[in-house]
Amino acid sequence: MSTSELCMRPTEDCHVDASGTFIVELPPDATKTRTGRPVPVLAPAVSKRLATRLDSGSPWLFPSPTDQAKVWDPRNRDRKLAALYRELAEQLHIEMFEYERGHSWRTTNNTLLYDVLTEATRTRLFGHTAAVNRQRYTAVTSTEAVVSAAAGIFEK
């Protein structure tokens, strides 16, 4: 799920499970495959931050900055997100963010989880067919070293 998709989610589609993981329950009409699915937020710090948004009183996870009762206009939101990515690219020296936005997360997560989850599970989790995941969203065939390195990052 990309940032722009997360911005369109009503809070009623979200919950925190017993382990503290923030889950977005995508209904069938919100997916390309028309198959509903739960989408967990894997980084604990991000899960905690999103969980605080459930108590905001707004019906939207990320409402309009000027009116909490309204969904954030996609045109304005996308311009703000593009500016944020450019800022991250410059300040953090992440060249890819100068031109890449929405699908970098899918490639990263598919690659990190390649050796951890079955292809069928990753396909259901990320919402594309196995062939599309293999062709477009998996960077390498063995990610044991990446998964091991990332484990320390998410535990902080």
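For the structure, check the block above.
Residues numbered from 1 in each chain as written. Predicted model: local features only at pLDDT ≥ 70, side-chain atom pairs only at ≥ 80, totals over all residues. Heavy atoms only, no water.

Can you break down the pattern of salt bridges residue by residue, with the values?
For side chains of opposite charge, pairing can occur when their charged atoms come near one another. With the rule as written, the count across this model stands at 2 salt bridges. For Asp13, the salt bridge identified is with Arg9, shortest N-O distance 2.6 Å. Arg9 carries the same exposure label as Asp13, and that label is buried. Among the ionic pairs, Arg75 bridges to Asp73, the shortest N-O distance being 2.9 Å. Exposure remark for Arg75: the relative accessible area of 60% places this residue in the exposed category. Its relative accessible area of 26% is what places Asp73 among the partly exposed residues. (Salt bridge = Lys/Arg side-chain N within 4 Å of Asp/Glu carboxyl O. Buried < 20%, exposed > 50% of the residue type's maximum accessible area, 1.4 Å probe, protein only.)

Go over the nonpolar core with me, naming the residues and quoting the values.
Residues Leu6, Cys14, Phe22, Val24, Leu26, Val39, Val41, Leu50 and Leu61 constitute the largest nonpolar core, which totals 9 residues. Ranked by residue count, the leading element in this core is strand β2 (residues 22-26), at 3 residues. Contact partners of Phe22, with chain neighbours within four places excluded, come to Cys14, His15, Val16, Val39, Pro40, Val41, Ser47, Leu50, Ala51, Leu54 and Leu61. (Core = buried A, V, L, I, M, F, W, Y, C linked by side-chain atoms within 4.5 Å. Helix = DSSP H or I, 4+ residues; strand = E, 2+ residues; numbered from the N terminus. Contact = heavy atoms within 4.5 Å.)

An account of the sheet that holds strand β1 (residues 14-16) is needed here, citing residue identities and associated values.
Across the sheet, 3 strands lie side by side as β1-β2-β3; this open sheet has antiparallel pairing. Among the strands making up the open sheet, the edge pair consists of β1 and β3 (37-40). Averaged over neighbouring strand pairs, the angle between their axes works out to 30° when direction is ignored. In the sheet, β1 pairs with β2 via 3 bridges, with the strands oriented antiparallel. Among the inter-strand pairings, Cys14 is bridged to a residue of β2, identified as Val24. (Pairing = 2+ DSSP bridges. Axes fitted to C-alpha atoms, helices over the stretch in contact; angles between N-to-C directions.)

How would you sum up the layout of surface pockets? Please name residues and give values.
Looking at the second largest pocket, its volume works out to about 240 Å³. The wall of the second largest pocket is formed by 15 residues, among which Arg37, Thr121, Thr123, Arg124 and Leu125 lie closest to the centre. At the level of elements, β3 and α5 (119-126) are the ones that each hand at least two residues to the lining of the second largest pocket. Sorting elements by how many residues they give to the lining of the second largest pocket places α5 first, with 4 residues. (1 Å grid on protein atoms, 1.4 Å probe; cavity = no way out; pocket = protein on both sides within 12 Å on 5 of 7 lines; lining within 4 Å. Points joined across faces, edges and corners; volume = space filled by probe spheres on them.)

Residue-level account of the environment of Ser56, with values.
As for its position among the elements, Ser56 is in the loop between α2 (44-53) and α3 (74-92). Of the polar contacts made by the side chain of Ser56, one reaches the backbone oxygen of Arg53; its length is 3.1 Å. A distance of 3.1 Å separates a polar side-chain atom of Ser56 from the backbone nitrogen of Ser58. (Polar contact = N/O pair within 3.5 Å; in protein donor to acceptor, adjacent residues only side chain to side chain.)

It is worth stressing that arrangement in space is one thing and function is another; only the former is reported here.
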